[in-house]
Amino acid sequence: MIRNRITATQLADFWRCARKARFTDRLPPDRRDPDFPLRRRILEEGNAHEARLIAGGPGGWVLDSRRDGFEAVFAETKRLMAQGVPAIHHGALLKAEASFTWLAEPDLLENTGECGPGGHPLYRVGEIKNSAEVHSAHAVQLALNAWILEEI
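Residues numbered from 1 in each chain as written. Predicted model: local features only at pLDDT ≥ 70, side-chain atom pairs only at ≥ 80, totals over all residues. Heavy atoms only, no water.

A. Focus on the overall build of the protein chain. Check the secondary structure of the protein chain and you find six helices and seven strands. Residues counted as buried form 34% of the 152 residues belonging to the protein chain. Restricting to contacts in the protein chain with at least 6 residues of sequence separation, those with at least 24 account for 50%. For the protein chain, the accessible surface area stands at approximately 9500 Å², while carbon and sulfur atoms represent 56% of it. (Helix = DSSP H or I, 4+ residues; strand = E, 2+ residues; numbered from the N terminus. Buried < 20%, exposed > 50% of the residue type's maximum accessible area, 1.4 Å probe, protein only. Contact = heavy atoms within 4.5 Å. Areas by Shrake-Rupley, 256 points an atom, 1.4 Å probe, with all protein chains shown as cover.)

B. Up close: the sheet that holds strand S6 (residues 108-115). Taken together, the four strands give an open sheet; going across it, the order is S2-S3-S6-S7, and neighbouring strands pair in mixed fashion. Each end of this open sheet is capped by a strand with a single partner; those strands are strand S2 (61-62) and strand S7 (121-126). As paired strands, S2 and strand S3 (residues 87-89) are joined by two bridges and run parallel to one another. Looking across to S3, one finds that Val62 is bridged to His89. Taken strand by strand, helix H5 (residues 70-83) contacts S2, S3, S6 and S7, and its axis lies near 125° from that of S7. (Pairing = 2+ DSSP bridges. Axes fitted to C-alpha atoms, helices over the stretch in contact; angles between N-to-C directions.)

C. Structural view of unusual backbone geometry. Of note in this structure, His90 is not a glycine but carries a positive phi near 60°. Positionally, His90 belongs in the loop between S3 and strand S4 (93-96).

D. Quick peek at the pattern of salt bridges. Counted according to the given criterion, the structure contains six salt bridges. Of the charged contacts, one joins Arg67 and Asp68 as a salt bridge, the two residues approaching to 2.8 Å between their closest N and O atoms. On the accessibility criterion, Arg67 (60% relative accessible area) is exposed. Accessibility expressed as a relative area gives 39% for Asp68, which makes it partly exposed. The salt bridge involving Lys95 is made with Glu151; its shortest N-O contact spans 3.8 Å. Remark: Glu151 occurs in helix H6 (residues 136-151) and Lys95 occurs in strand S4; sequence separation between them is 56 residues. Judged by relative accessible area, Lys95 falls into the buried class, the value being 17%. (Salt bridge = Lys/Arg side-chain N within 4 Å of Asp/Glu carboxyl O.)

E. Region of interest: the nonpolar core. In this structure, Met81, Ile88, Leu93, Leu109, Tyr123, Ile148 and Leu149 are the most contacted members of the largest nonpolar core, which totals 19 residues. Of all the elements in the fold, those that place two or more residues in this core are H5, S4, strand S5 (101-104), S7 and H6. No other element matches H5, which puts four residues into this core. Met81 has contacts with Ile88, Leu109, Pro121, Tyr123, Leu149 and Ile152, leaving out every residue within four places of it along the chain. (Core = buried A, V, L, I, M, F, W, Y, C linked by side-chain atoms within 4.5 Å.)

This is the structure:
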């Protein structure tokens, strides 16, 4: 299955381990690495951690690209940012190139309270990690998310 999108998460996975990026995402489901119970538990605990942090934050809108699709969530993200909402959880950011599209789905887009030169509200990217340390792969993901946000 060839995809025409490159996500910030895929880039971070590739940064950590090129094999992981290929065998957990790019291959068809029947050829991927098996999904171990520990991997599922880590994902579930990470999602619960993220939900707790978002619940204690500035309030905002939760978007769902799995349900609505990335293009629809990107349009809604831009609409909400233009309105200046305090925060957007799992908004989508897309930047088209010649043969592919960069895709970022930041955990949080927070209104900075400042406005850009055109008077539009400025946002910053927040990534929530269930980790004791910040890793270089986290920085790669955050940097790509911030770059796409700046581009749009």
